[in-house]
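Structural overview for review
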Amino acid sequence: MPRERQSEIHPIAPCTAGLRPRLRYFAAVALGSVALAACAQATTPPPDGIALEVHAPAAPDDPFDLDGVAFVALTAEGPGVPENKVFTLQRYDKDKKGTGAKVTLPVVPFGQQRQIRVELWSQENGQPRDPLLGRGRSLPADVKLGGKPSKFKPYVTKINSFAPALGDDNARALSDARAGAVAVVIPNHGGALIIGGGVVKASSKNPYDIASFEKLHDTLLVYDTDARALRSLTDLTGAKLKVARAFAGVAVGSGAIVVAGGYAMVDGVPKPTKSVEYITSTFEIKSSTGQNPDMLFARARPTVVPMFDKQDYFLVLGGEGDVKCPTDGSEAECAGNTWEIWHPSQGAVAKGLLNDARWNHASVRLPGPGGGYAVLIGGENDSGPLRNFEVVQFSDKGGGKVSARNSGCPDAGATVCPPGALEHWKPFTAPMPVDRILPSAAYVQAPANQPLYSYIYILGGFTDQTRTKAHDRIDVFDISKGQYLTEGSVGKLKVGRAAPMVAVSSGAFPGQVLVAGGSTSTGAHVNSAEFLFAKPYKAAAPGAAPEASIVVVADVENTLLGGNRALGVALALPTGHVLVVGGVGTTADGLKPQTDVMLWNPF
């Protein structure tokens with residue numbers, strides 16, 4: 001079988017007998033040669049429908065070559081399409097993979113955000129059964145009346161494995177040398193943007209020491225999900241940051257992607273910066289024209305969260321600054337113990353104090369009425385490691401509430417404050433079982449058709465400020481109950497790791513969390529990965545809802561491409577794959593860039 005199962009592109013012909021006018025179109029794909037075909041009774045293809053291309057990586061990563069593959073299933077997904085109702089299953093014989101046997105997908109309703117899923121099933125006694133062996137899902141696309149067919153390009157890879165991102169041109173996607181970059185999924189695009197980052201000195205041993213970096217990037221990379229290619233957005237459009245930076249904060253708002261703070265080079269020395277830039281939907285990079293266009297405090301590794309729907313107010317919290325934070329209990333301000341609000345047209349508009357200064361922390365954003373909650377987890381300050389998390393609430397109810405100790409808007413005329421008078425909640429702090437420096441975290445909420453749970457996963461981290469030992473501990477905070485799950489219901493990481501790459505993905509188990517790479521100490525990194533999922537306890541009585549969950553920890557079947565890796569990024573794509581890019585590994589001589597771009601397919 002060829003590596004790339006690329007189809008001829010046709011409109012899909014109708015099988016219209018007895019169908020409602022808006023439910024008419026079939027897709028057929030020949031796995032192997034992968035030519036699209038129409039239903040037998042159709043004579044003239046219409047000028048609309050769908051076109052399907054099925055792609056897979058080369059051997060030995062090609063899932064179609066697995067001995068256990070016995071069936072191929074095609075499924076249509078999307079708003080208004082009942083789950084697994086638009087579905088077909090057909091036998092697959094890999095020894096005849098070049099013959100072009102067709103698999104026909106039943107009716108795909110016209111509508112928005114349709115996706116096509118391809119799955120490879122094993123068998124028992126001639127019937128399909130678990131486990132799934134391969135899966136690929138297209139990006140969402142609209143299926144419209146008239147015009148050209150919508151093109152769907154699922155990339156089918158082995159389940160629970162890392163696979164290379166292999167493009168339409170047979171090229172393997174590779175990144176340039178960059179660690180400490182930030183990344184986001186581009187709204188209404190399906191691709192990903194990788195922003196900034198830095199290049200480490202080859203002789204350095206500690207990637208968490210900013211002095212190990214010799215260059216910072218002002219360039220941006222864009223990952224094309226359909227083409228499985230990583231390109232320089234800077235080369236394509238000329239877009240680049242005004243301030244080269246690494247370890248910035250990033251967040252996606254309603255109309256802007258904000259890049260705040262980080263380390264920037266000052267006279268050849270990396271230092272925290274106040275600079276804030278934002279990226280528009282057309283990939284223009286702009287600065288605010290407000291009275292205070294940048295942040296009020298220079299911050300590296302800050303948390304940044306969007307605050308309100310359909311607005312672009314961003315809450316920036318904590319981070320390492322260029323001024324030492326007080327350790328005497330005073331309320332003197334520094335980057336680590338403050339929050340501030342920033343807006344693209346207004347710049348910095350408000351500030352306030354946190355309970356604890358912190359940096360090298362993890363964070364998650366929780367949804368809430370008219371806003372949400374920023375949770376700052378662990379980290380350190382000049383007094384030592386932190387054994388708590390801090391919750392900051394924000395809401396547009398009552399004129400834009402923001403957590404703070406002080407009151408009022410710092411601008412007496414209130415001309416640069418969020419709409420309405422600010423009302424304030426004090427942040428609250430909750431204990432954690434252990435100290436954690438450079439942990440990772442994930443927020444997972446049960447889907448609507450599952451027993452309800454809402455968890456914050458707190459993962460790994462260093463136990464000490466000398467970065468000599470990493471936790472294998474997982475703590476899971478149950479938001480609805482305000483307490484941690486008992487240790488007996490939560491597994492441990494197979495490998496203690498600090499600052500692992502983390503992403504929440506979809507798949508067979510809702511809310512799967514990939515935990516990949518990271519460090520066991522500042523001089524030793526990890527090439528393995530694990531995934532976690534919540535599994536409800538069985539109900540005590542028939543019909544009763546489960547009262548708790550256990551968190552299962554399982555190994556990913558292969559290791560990270562290119563070897564051990566720290567300070568890369570993991571990002572869940574709309575296709576269900578998790579993109580892993582950037583970072584550094586270790587050799588006997590010191591740090592080396594990791595350039596392999598890979599995709600993890602959830603279990």
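This is a predicted model, so every value here is computed, not measured.

How each quantity is defined
Residues numbered from 1 in each chain as written. Predicted model: local features only at pLDDT ≥ 70, side-chain atom pairs only at ≥ 80, totals over all residues. Heavy atoms only, no water. Helix = DSSP H or I, 4+ residues; strand = E, 2+ residues; numbered from the N terminus. Buried < 20%, exposed > 50% of the residue type's maximum accessible area, 1.4 Å probe, protein only. Polar contact = N/O pair within 3.5 Å; in protein donor to acceptor, adjacent residues only side chain to side chain. Core = buried A, V, L, I, M, F, W, Y, C linked by side-chain atoms within 4.5 Å. Pairing = 2+ DSSP bridges. Axes fitted to C-alpha atoms, helices over the stretch in contact; angles between N-to-C directions. pLDDT = per-residue confidence, 0-100. Contact = heavy atoms within 4.5 Å. Salt bridge = Lys/Arg side-chain N within 4 Å of Asp/Glu carboxyl O.

**What to know about the environment of serine 345**
Secondary-structure assignment places serine 345 in the loop between strand S26 (338–343) and strand S27 (347–353). Under the relative-accessibility criterion, serine 345 is labelled partly exposed at 42%. Each C-alpha atom, one on serine 345 and one on serine 287, is 8.5 Å from the other, the two residues being 58 residues apart in sequence. A distance of 3.1 Å separates polar atoms of two side chains, one belonging to serine 345 and the other to histidine 343.

**Description of the nonpolar core**
Phe64, Leu105, Val108, Ile116 and Phe152 are the most contacted members of the largest nonpolar core, which totals 23 residues. Counting 20 residues, the second-largest nonpolar core is a separate cluster that includes Tyr208, Ala498, Val584 and Leu591.

**Re the environment of leucine 354**
Its place among the elements puts leucine 354 in the loop between S27 and strand S28 (362–368). Of the residues examined, leucine 354 reaches a relative accessible area of 2% and is grouped as buried. Leucine 354 sits 75 residues away from threonine 429 along the chain, and the two C-alpha atoms are 9.6 Å apart.

**Re unusual backbone geometry**
For the bond running from alanine 59 to proline 60, omega is 5 degrees, close enough to zero to count as cis. Topologically, proline 60 is positioned in the loop between strand S2 (50–52) and strand S3 (71–77). For the bond from aspartate 130 to proline 131, the omega torsion is 5 degrees, close enough to zero to count as cis. Examined against the element boundaries, proline 131 turns out to sit in strand S7 (residues 127–137). The backbone of asparagine 188 sits at a positive phi, close to 55 degrees, despite the residue not being glycine. For asparagine 188, the location among the structural elements is in the loop between strand S12 (182–185) and strand S13 (192–195). Accessibility expressed as a relative area gives 87% for asparagine 188, which makes it exposed.

**A word on the side chain of arginine 137**
Here arginine 137 lies in strand S7. A residue is classified by how much of its surface remains accessible, and arginine 137, at 15% relative accessible area, is buried. A distance of 2.7 Å separates polar atoms of two side chains, one belonging to arginine 137 and the other to glutamate 77. Polar side-chain contacts of arginine 137 include one of 3.3 Å to the backbone oxygen of threonine 575.

**Section: the sheet that holds strand S16 (residues 220–224)**
Here four strands make up an open sheet; going across it, the order is S12-S13-S16-S17 and the pairing antiparallel. In this open sheet, the two edge strands, each paired with only one partner strand, are S12 and strand S17 (229–232). Each adjacent strand pair in this sheet contributes to an overall mean axis angle of 20 degrees, direction not counted. As paired strands, S13 and S16 are joined by four bridges and run antiparallel to one another.

**Some words on the pairing of strand S38 (residues 474–478)**
For a regular strand, the rule is simple: side chains alternate between the two faces of the sheet. Counting buried residues along S38, five of its five residues qualify, which places the element largely inside the surrounding structure. Of the two faces of S38, the one holding Ile474, Val476 and Asp478 and the one holding Asp475 and Phe477 are both buried throughout. Where strand S37 (residues 454–459) and S38 come together, five bridges link them in antiparallel fashion. By the bridge assignment, tyrosine 455 is partnered in S38 with aspartate 478.

**Points about the sheet that holds strand S18 (residues 249–252)**
Spatial ordering of the open sheet is given by S18-S19-S22-S23, a layout of four strands whose pairing is antiparallel. With partners counted over all chains shown, the strands left at the sheet margins are S18 and strand S23 (285–286), one partner each. In terms of strand pairing, strand S22 (residues 276–279) meets S23 through two bridges, oriented antiparallel. Note that in S23 the partner of tyrosine 278 across the bridge is lysine 286.

**Notes on the confidence of the model for the protein**
In this model, the protein carries a mean pLDDT of 84, and residues with pLDDT of at least 70 account for 82%. Ignoring residues within four places in sequence, the model shows residues 1–47, a span with pLDDT below 50, making 138 contacts including any to other chains. Segment residues 404–422: pLDDT under 50, and 45 contacts once partners within four positions in sequence are set aside and those in other chains are kept.

**Here's the deal with the pattern of salt bridges**
On inspection of all chains with the given rule, the structure shows 25 salt bridges. Measuring nitrogen to oxygen at the nearest pair gives 3.6 Å for the salt bridge that ties arginine 135 to glutamate 119. Taken together, the positions of arginine 135 in strand S7 and glutamate 119 in strand S6 (residues 111–124) put the pair 16 residues apart, joining distant regions of the chain. Looking at arginine 135, the relative accessible area reads 7%, which means it is buried. Two residues, glutamate 530 and arginine 497, come together in a salt bridge whose shortest N-O distance is 2.8 Å. Of the two residues, glutamate 530 sits in strand S44 (residues 529–536) while arginine 497 sits in the loop between strand S39 (483–484) and strand S40 (501–505), which places them 33 residues apart along the sequence. Like arginine 497, glutamate 530 is buried. Counted as one network, the salt bridges with shared partners bring together Glu77, Arg117, Glu119, Arg135 and Arg137.

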